[in-house]
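Take a look at the letters that make up each chain.
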Amino acid sequence: MSGDTLLKELVGLPEIVRPSASPDGGRVAFYYNGTSRNEIHVLDVETGESEQWSDGGVPRQTWWPLSWSADGERIFFHLDADGDEQNDIYALESDGATEPVVETEGQTNLHAVGDDGETLLLTSNYEGQMDLYRYLFSDGEMVRLTDHDQIWEACLSRDCERVAYAANESGDSDNRDTYLVDIDGSGRRKLNVGTVGSHTDPYDWGLDGDRLLISDNTEEFARCGVYDLVSDEVRWYGDLDYEESPACFTADGTRFLAERVRDAAVVPVVYDVETGDARECPLADGVAEFGWRSANLLVNDRALLSYTTPVRPTELVTFDLDTNDTETLFRPDYGRFSLDDFVDAEYLTVASDGVPETRQAAVEHDPYETLDVGALFYDSGERPSPLLVNPHGGPRRADRKWFHYRTQYLLARGYSILQVNFRGSSGRGREFAQKLVGDFGGAEQGDIATITEHVLETRDWLDEERVCVFGGSFGGYSTYWQMVQYPELYAAGAPVVGFTDLELMYEEAMPQFRTGFMEKYLSTPEGNPELYRERSPVTHAGNLDAPLMMVHGVNDRRVPVLQARVYRDALEKHGYEEGENGEFEYHEIEKRGHNTADVDLRQYTLGLLESFLDRRLGTSKR
């Protein structure tokens, strides 16, 4: 089969994204691109039949969840302009009609739909920072409830009278506390939980409004708790062996749902509120996740799960909370593929002190603390095989055992793949996640290079002369940095929507990104100018010693396209030539933002990557 045909088939595999159960638990809404175009579909839980509600007019990227109206007649979704993340809130009717509900000049995100059918809980930065707002259908007005730099989690009580939300008023930029506020903005108070520098987040209100389901990582691993708002006491659950995050209370309030991270897997857990007993869902060899907040409860004491493994595209599964049984509710069409056609991942851990054997060309680091760093390795079966190192974005994210069309396509074309959950990634506890604070572009980059060296040393069939690094967002930054910090390790690099000039990034960033990301990890350019300069790839552009392909979306507001342009200009000043036969290649993509769910744009971007890899590295797969 030709590469072009395989590319179209794998990129075109239908995806299920952002499932959300209706208020009565009888239907599930989700994004689905079964027709090669992203649309909103609705599934009847009892019959298993689905219908398409939308007909175009949905977003190019599907980061934000779908939400049902209180009466189950409409679906709210986020719509922006070609991926620019400046969301407005729209409503979709079953006949395909859409209408704007909340329109602003900034980014607006829907956090909760009130049971009263009247209230929406939103965050928006249209007045500056990302703050919390109440919207009432009766008057069509947004009322500002808070005055913070950024709001993270937020949830609305069942009676729509109070809001719980996470924000930071401490001097520690990596701190989060949970606050309560009345729906009119009065009566604000902070919960008595957590320490400075920890994260405490609210997830769901109890039925009677006197309990709150929260998470907190004061004791290293994130854990679930039920906070009694009358006594100001909290009961914690779990034994702190793994990171856990809550989802919601069950309908009768006697149990709550949570997710447990174990290595590179995510396992659903059901806790009994009274006894503290926990039961794991049997879907433990992949990523099984609940839907958004309380929009994951189905009829007959069942919960909605999204389930995927490296060889299994995401499917919708019902999880019986009484019997622990699971049943597939909806599975996408695999086309001509079977699960045996895909390559599974090997999970491994490697000790790293953040300083690889490879020469550090940009910044010299002494050894850091030695940590066990996890990684996923995919063997393409090619002998010898080129290696693609694929750092994840975030950085406070992690690669898990999930299916990805790009990974499977590149494996099919003969490239083995390494994904490193470097220090600073999520799922390994508070201390591990905070390793990047003040050392952005330091030890975590050394971890990536160290694990790359390890797999090259332990798998002699990998071709050390054909190693490429590629990634997007923070993975794009990592790609730029790996190429200038460890130029002798890589034969090529392909950053996508990566940042290159940290001071310029600070100046251009959306307000909440500036305070919630840049200042958290780097302070400010005024407070730490040397770190901003030293850890910017553009400062060391002259170290480039292998072909580089740069790809950036013109509509990217998270990492503006100027980040790619200044790096291109710096390369030209250093005498590098652009072009397919030059030292670097450059591509700007119209109508693309930071990410995209558009099949055509995905196919185009992946096609660029494979063409670059084939010309610069090559495989025997033709």
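Peer 1: Can you lay out the environment of Leu462 for me, pointing to particular residues and giving the numbers?
Peer 2: Structurally, the position occupied by Leu462 is in strand β34 (residues 462-472). Along the backbone, Leu462 and Pro386 are 76 residues apart, and their C-alpha atoms lie at a distance of 6.0 Å. Excluding its chain neighbours within four sequence positions, the residues that come into contact with Leu462 are Phe377, Ser385, Pro386, Leu387, Ser416, Val455 and Leu456.

Peer 1: How would you summarise the sheet that holds strand β11 (residues 131-136) if you had to cite specific residues and measurements?
Peer 2: Taken in spatial order, the four strands of this open sheet run β9-β10-β11-β12, and their pairing is antiparallel. Across the chains shown, the open sheet's two edge strands, defined by having one partner strand only, are β9 (108-113) and β12 (141-144). Pairs of neighbouring strands in the sheet enclose a mean axial angle of 30°, with direction left out of account. One ladder, built from five bridges, connects β9 with strand β10 (residues 119-124); its direction is antiparallel. By the bridge assignment for β10, Thr108 is matched with Ser124.

Peer 1: Report on helix α10 (residues 599-616), specifying residues and quantitative values.
Peer 2: For the α-helix, the turn length of 3.6 residues means that residues three or four positions removed from each other point alike. Compared with an ideal rise of 1.5 Å per residue, which puts 18 residues at 26 Å, α10 spans 25 Å between its outermost C-alpha atoms and is within 8% of the ideal. Measuring from the side-chain oxygen of the N-cap residue of α10 to the backbone nitrogen of Asp600 gives 3.1 Å; that N-cap residue is Asp598. Backbone geometry just downstream of α10 places Gly618 in the positive-phi region, at approximately 80°.

Peer 1: Pulling in residues and values, what's your account of the pattern of salt bridges?
Peer 2: According to the stated counting rule, one finds 39 salt bridges in the structure shown. Of the charged contacts, one joins Asp177 and Lys190 as a salt bridge, the two residues approaching to 3.9 Å between their closest N and O atoms. Pair noted here: Asp177 is in strand β15 (residues 177-182) and Lys190 is in strand β16 (residues 189-190), with a separation of 13 residues, a long-range link. Between Arg535 and Glu534 there is a salt bridge, with the nearest N and O atoms lying 2.9 Å from each other. Residue classification places Arg535 among the buried residues on the basis of a relative accessible area of 6%. One continuous salt-bridge network, built from bridges that share partners, spans Glu127, Asp131, Arg144 and Asp147.

Peer 1: Any chance you could break down the sheet that holds β15 for me, citing the residues and the numbers?
Peer 2: Taking strand neighbours across the sheet as the criterion, the four strands line up as β13-β14-β15-β16 in an open arrangement whose pairing is antiparallel. Strands at the two margins of the open sheet, each flanked by one partner only, are β13 (154-156) and β16. Note that strand β14 (residues 162-167) and β15 share six bridges and pair antiparallel. Considered in β15, the bridge of Tyr165 is made with Tyr179.

Peer 1: I'd like a description of the packing of aromatic side chains, backed by residues and values.
Peer 2: Applying the stated criterion to the full structure yields 31 aromatic pairs. A ring pair is formed by Trp63 and Trp64, whose centres lie 5.7 Å apart and whose planes are at 55°; its orientation type is tilted. Relative accessible area serves as the criterion here: at 14%, Trp64 is assigned to the buried category. The interplanar angle of 70° and the centroid separation of 4.9 Å between the aromatic rings of Phe342 and Phe403 together place this pair among those described as edge-to-face. Note that Phe342 is positioned in the loop between β29 (326-330) and β30 (346-352) and Phe403 in the loop between β32 (385-389) and α2 (405-412), a separation of 61 residues in sequence. Exposure class is identical for Phe342 and Phe403. Each is buried. Grouped by ring-pair contacts, the aromatic residues Phe422, Phe440, Phe474, Tyr477, Trp481, Phe499, Phe513, Phe517 and Tyr521 constitute a single cluster.

Peer 1: Break down the packing of α2 against α10 for me, citing the residues and quoting the values.
Peer 2: For any two helices packed against each other, one specifies the inter-axial angle together with the distance between the axes. Between α2 and α10, whose axes approach to 12 Å, the crossing angle comes to 30°. Regarding the angle of α2 to α10, the classification is roughly parallel. Viewed along their axes, α2 and α10 form a crossing whose handedness is right-handed. Of the residues in α10, those in contact with Tyr405, Arg406, Tyr409 and Leu410 of α2 are Arg602, Leu606, Leu609, Glu610 and Leu613. Tallied by class, the residues present in the contact of α2 with α10 amount to six nonpolar, no polar and three charged.

Peer 1: Before we move on, could you go through unusual backbone geometry and cite the residues and values that matter?
Peer 2: For the bond from Arg383 to Pro384, the omega torsion is -10°, close enough to zero to count as cis. Here Pro384 lies in the loop between β31 (371-378) and β32. Cis geometry is found at the peptide bond from Gly394 to Pro395, where omega equals 5°. By the element assignment, Pro395 lies in the loop between β32 and α2. Positive phi outside glycine occurs at Lys591, with the angle close to 60°. Inspection of the secondary structure puts Lys591 in the loop between β37 (584-589) and α10.

Peer 1: Summarise helix α9 (residues 562-573); cite the residues concerned and give the values.
Peer 2: Under the 1.5 Å per step criterion, the end-to-end length of α9 is 16 Å for twelve residues, consistent within 8% with the ideal 16 Å. Among the residues making up α9, those that are buried are Gln563, Ala564, Val566, Tyr567, Ala570 and Leu571. Down the axis of α9, the smallest arc covering the buried residues is 165°, so these residues share one side. For α9, the secondary structure elements touched by its buried residues are α5 (474-485), α6 (502-508), β36 (548-553) and β37.

Peer 1: Could you give me a rundown of the state of the cysteines, with the residues and numbers involved?
Peer 2: Under the defined criterion, the tally for this structure stands at zero disulfides. Of all cysteine sulfurs, the one in Cys155 lies closest to Cys248, which takes part in no disulfide; the gap is 11 Å. Accessibility expressed as a relative area gives 0% for Cys248, which makes it buried.

Peer 1: Explain the packing of helix α1 (residues 3-11) against α2 to me, using residue names and the numbers behind them.
Peer 2: Running from N to C, α1 and α2 cross one another at 155°; their axes reach a closest spacing of 9 Å. Taken together, the axis directions place α1 and α2 in an arrangement best described as roughly antiparallel. Seen along the crossing, α1 lies across α2 with a hand that is right-handed. Contacts from Gly3, Leu6, Leu7, Leu10 and Val11 of α1 reach α2 at Tyr405, Gln408, Tyr409 and Ala412.

Criteria and thresholds
- Residues numbered from 1 in each chain as written.
- Predicted model: local features only at pLDDT ≥ 70, side-chain atom pairs only at ≥ 80, totals over all residues.
- Heavy atoms only, no water.
- Helix = DSSP H or I, 4+ residues; strand = E, 2+ residues; numbered from the N terminus.
- Contact = heavy atoms within 4.5 Å.
- Pairing = 2+ DSSP bridges.
- Axes fitted to C-alpha atoms, helices over the stretch in contact; angles between N-to-C directions.
- Expected span 1.5 Å × (residues − 1).
- Polar contact = N/O pair within 3.5 Å; in protein donor to acceptor, adjacent residues only side chain to side chain.
- Salt bridge = Lys/Arg side-chain N within 4 Å of Asp/Glu carboxyl O.
- Buried < 20%, exposed > 50% of the residue type's maximum accessible area, 1.4 Å probe, protein only.
- Phe/Tyr/Trp six-rings, centres within 6.5 Å; stacked < 30°, edge-to-face > 60°.
- Parallel < 35°, antiparallel > 145°, perpendicular 65-115°, else oblique.
- Left-handed = near helix turned anticlockwise from the far one by under 90°.
- Nonpolar A, V, L, I, M, F, W, Y, C, P; charged D, E, K, R; others polar.
- Arc of directions from axis to C-beta.
- Disulfide = S-S within 2.5 Å.

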